[in-house]
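Survey of secondary and tertiary structure
Each chain, written out:
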Amino acid sequence: MNRSLHQADAQVYRIMQDELERQKTTLMLIPSENYASRAVMAAMGSVFTNKYAEGYPYKRFYNGCEFYDELEQLAIDRATELFGADHANVQLHTGSQANMATYYALLKPGDKIMALSVATGGHLTHGSPISFSGQFYESHFYGLDPDTDRLNYDMIMEAAKEVRPRLIIAGYSAYPRIIDFKRFREIADEVGAYLMADIAHISGLVAAEAHPTPVPYADVITSTTHKTLRGPRGALILCKQEYADQIDRAVFPGIQAGPLMQIIAAKAVCFKEAQEFGFREYQRQIVRNCQALGQALLEEGFTLVTGGTDNHLLLVDLRNKQITGREAADLMEAAGMVVNKNLIPGDPAPATETSGIRPGTPGLTSRGMKEPEMKLVGQWIARVIHEGRDNPEVLEEVRGQVQGLCEAFPIYEDL
Ligand SMILES: *Cc1c(COP(=O)(O)O)cnc(C)c1O
């Protein structure tokens, strides 16, 4: 019991050291990833992992929960204050479960839900046929405006009137523009639907008022805590008071049993960090950095879906570069820049290949990088995609430049 990880399991320890080295020496350009603080990681790796605490604060099914009541109530209070919401449930293990719990709370099997499809930027849990959400519910999709690749609220209104869904979902994994939640509320009211905002990607921006909040408009809001919010891997649900009991019962005992109290501790830490002044500035810098990275790519002849970004991610259409998303992402990884391939609206390529990549700036901004570094990264991405094919020297050269930048902007000082 008292051995360190190193003493108890040299293999896992060694793999962890390798991963730490990878994180230190590469650029994290995946917009759904971030670096949790040392404080968040300390809470995750704590004695709170040792206890069952089924139930909610002061209403537990296990004895010995006095400090768990205090802890979870603190996390709930900080979450509601941070977002200005009536009610928060902080027990969700993942964003997908937050969505599952919301459907379970508000819908009956077979009810109609309406969202953006995965192929145009939505999430698997928004009704995809390969997810529970497309099998337990009757899923319908609204599209993007084919002329602008943006949400077109008149088109969404028309589609909603036709389908008359029970639930409309607003919130995406690969949409680089502002979402107008007020317009979504009007659409939901017009057809008598619930409105769920899934802010998994943008919750950090929302908390810092760098993106308009859905709180006054959405019935229920789901989010991860590990993306722009920069907390532990996990999720939360915010809702209006009238849905509080329904949501809580859907989470426990509906779809989960014991909460991960060590993760709830880390969520509490994350919500406190997100209320500090530096976090507001951090989120604004994420957006400025993303716009600077987009500008650098435009100057290198790249095409950006919608022409640019209002948030933390870019969707790059690679069709004019004669390269697939998969190949571009693999070349970039060889040069130390980790990005993911992504379908673009109307993509002719399959999901395993894609015609796009989806770079984002939360990770680079956490390292303290600003606009000048984004310009460099944009130029390196261009060099790798333009010249890197069958050219290991170019990849090696850029890899060296990336490593130098990583050393100038370290992640964890004493790790
Ligand atoms: C990331 C994401 C989720 C949930 O993610 P998990 O991996 O299950 O935590 C849900 N919705 C959207 C829009 C997302 O981008």
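In this text, all values refer to a predicted model and were calculated from it rather than measured experimentally.

What counts and how
- Residues numbered from 1 in each chain as written.
- Predicted model: local features only at pLDDT ≥ 70, side-chain atom pairs only at ≥ 80, totals over all residues.
- Heavy atoms only, no water.
- Core = buried A, V, L, I, M, F, W, Y, C linked by side-chain atoms within 4.5 Å.
- Buried < 20%, exposed > 50% of the residue type's maximum accessible area, 1.4 Å probe, protein only.
- Helix = DSSP H or I, 4+ residues; strand = E, 2+ residues; numbered from the N terminus.
- Contact = heavy atoms within 4.5 Å.
- Salt bridge = Lys/Arg side-chain N within 4 Å of Asp/Glu carboxyl O.
- 1 Å grid on protein atoms, 1.4 Å probe; cavity = no way out; pocket = protein on both sides within 12 Å on 5 of 7 lines; lining within 4 Å.
- Points joined across faces, edges and corners; volume = space filled by probe spheres on them.
- Nonpolar A, V, L, I, M, F, W, Y, C, P; charged D, E, K, R; others polar.
- Domains from an automatic or database assignment.
- Polar contact = N/O pair within 3.5 Å; in protein donor to acceptor, adjacent residues only side chain to side chain.
- Pairing = 2+ DSSP bridges.
- Axes fitted to C-alpha atoms, helices over the stretch in contact; angles between N-to-C directions.
- Near = heavy atom within 4 Å.
- Areas by Shrake-Rupley, 256 points an atom, 1.4 Å probe, with all protein chains shown as cover.

Counting 63 residues, the largest nonpolar core has Leu151, Ile168, Ile179 and Phe184 as its most contacted members. Counting residues per element, this core draws most heavily on helix H11 (residues 261-274), which supplies eight residues. Not counting residues up to four positions away in its chain, the partners in contact with isoleucine 168 are Met114, Tyr142, Ala160, Phe184, Ile187, Ala188, Val191, Ala193, Tyr194, Leu195 and Met196. Residues Leu318, Ala329, Leu364 and Ala382 belong to the second largest nonpolar core, which totals 36 residues.

With that settled, the discussion passes to the pattern of salt bridges. Side-chain pairs of opposite charge can arise where the charged atoms are in close proximity. Applying the stated criterion across every chain, the model contains 22 salt bridges. Linking glutamate 371 and arginine 288 is a salt bridge whose minimum nitrogen-to-oxygen distance equals 3.8 Å. Of this pair, glutamate 371 sits in helix H15 (residues 371-387) while arginine 288 sits in helix H12 (residues 277-299), and the two are 83 residues apart along the sequence. Residue classification places glutamate 371 among the partly exposed residues on the basis of a relative accessible area of 30%. For arginine 288, a relative accessible area of 32% translates into the label partly exposed. For arginine 383, the salt bridge identified is with glutamate 387, shortest N-O distance 3.2 Å. Pair noted here: arginine 383 and glutamate 387 are both in helix H15, with a separation of four residues, about one helical turn. Overall, glutamate 387 belongs to the partly exposed group, its relative accessible area being 37%.

A few words on empty space enclosed by the protein. The final tally for this structure, using the stated rule, is three cavities of 30 Å³ or more. Lining the largest cavity we find 15 residues, and of these Tyr172, Tyr175, Ile179, His201 and Ile202 sit closest to its centre. Among the residues forming the lining of the largest cavity, the class breakdown is eight nonpolar, five polar and two charged. Both domains that furnish three or more residues to the lining of the largest cavity are identified here as domain 1 (42-274) and domain 2 (285-408). Roughly 60 Å³ of internal volume is contained in the second largest cavity. Around the second largest cavity sit Arg22, Gln23, Thr26, Leu27, Met28, Glu33, Tyr35 and Val338, which together line it. When residues of the lining of the second largest cavity are traced back to their parent elements, those giving at least two are helix H2 (10-25) and strand E1 (27-28). When grouped by side-chain class, the residues that make up the lining of the second largest cavity number four nonpolar, two polar and two charged.

Time to look at the domain arrangement of the protein. Along its sequence, the protein is organised into domain 1 (42-274) and domain 2 (285-408). Remark: the boundary between domain 1 and domain 2 carries one salt bridge. A salt bridge links aspartate 310 to arginine 177, with the shortest nitrogen-to-oxygen separation between them at 2.9 Å. Inspection of the domain 1/domain 2 interface yields 10 residue pairs in polar contact (both at pLDDT 80 or more). Tallied by class, residues from the side of domain 1 that touches domain 2 come to eight nonpolar, five polar and four charged.

Read across the sheet, seven strands follow the order E4-E10-E9-E8-E7-E5-E6 without closing on themselves; strand pairing throughout is mixed. Both outer strands of the open sheet, strand E4 (87-89) and strand E6 (138-142), are each paired with one neighbouring strand and no more. The average undirected angle you get between the axes of adjacent strands in this sheet is 20°. Summarising the sheet, E4 and strand E10 (residues 235-239) pair through three bridges and their orientation is antiparallel. Bridge pairing in E10 places histidine 87 opposite cysteine 239. Here helix H7 (residues 153-163) sits on the sheet and contacts strand E5 (112-116), E6 and strand E7 (167-170); the angle it forms with E5, its principal contact strand, is near 160°.

Residues in close proximity to the ligand total 13 residues, the closest being Gly95, Ser96, Ser173, Asp198 and Lys227. A distance of 2.8 Å separates an oxygen atom of the ligand from a polar atom in the side chain of serine 173. Measuring from a nitrogen atom of the ligand, one finds a side-chain N or O atom of aspartate 198 at 2.6 Å. About the coverage of the ligand: the protein hides 84% of its 380 Å² of free accessible area. Its residues assigned to classes, the shell around the ligand comprises two nonpolar, nine polar and two charged.

So, about the environment of glutamate 54. Relative to the elements of secondary structure, glutamate 54 occurs in the loop between helix H3 (38-44) and strand E2 (55-56). Sequence spacing of glutamate 54 and leucine 144 is 90 residues, and the spatial spacing of their C-alpha atoms is 42 Å. In contact with glutamate 54, other than residues within four places in its own chain, are Lys59, Arg60, Phe61, Tyr62, Phe252, Ala257, Gly258 and Pro259.

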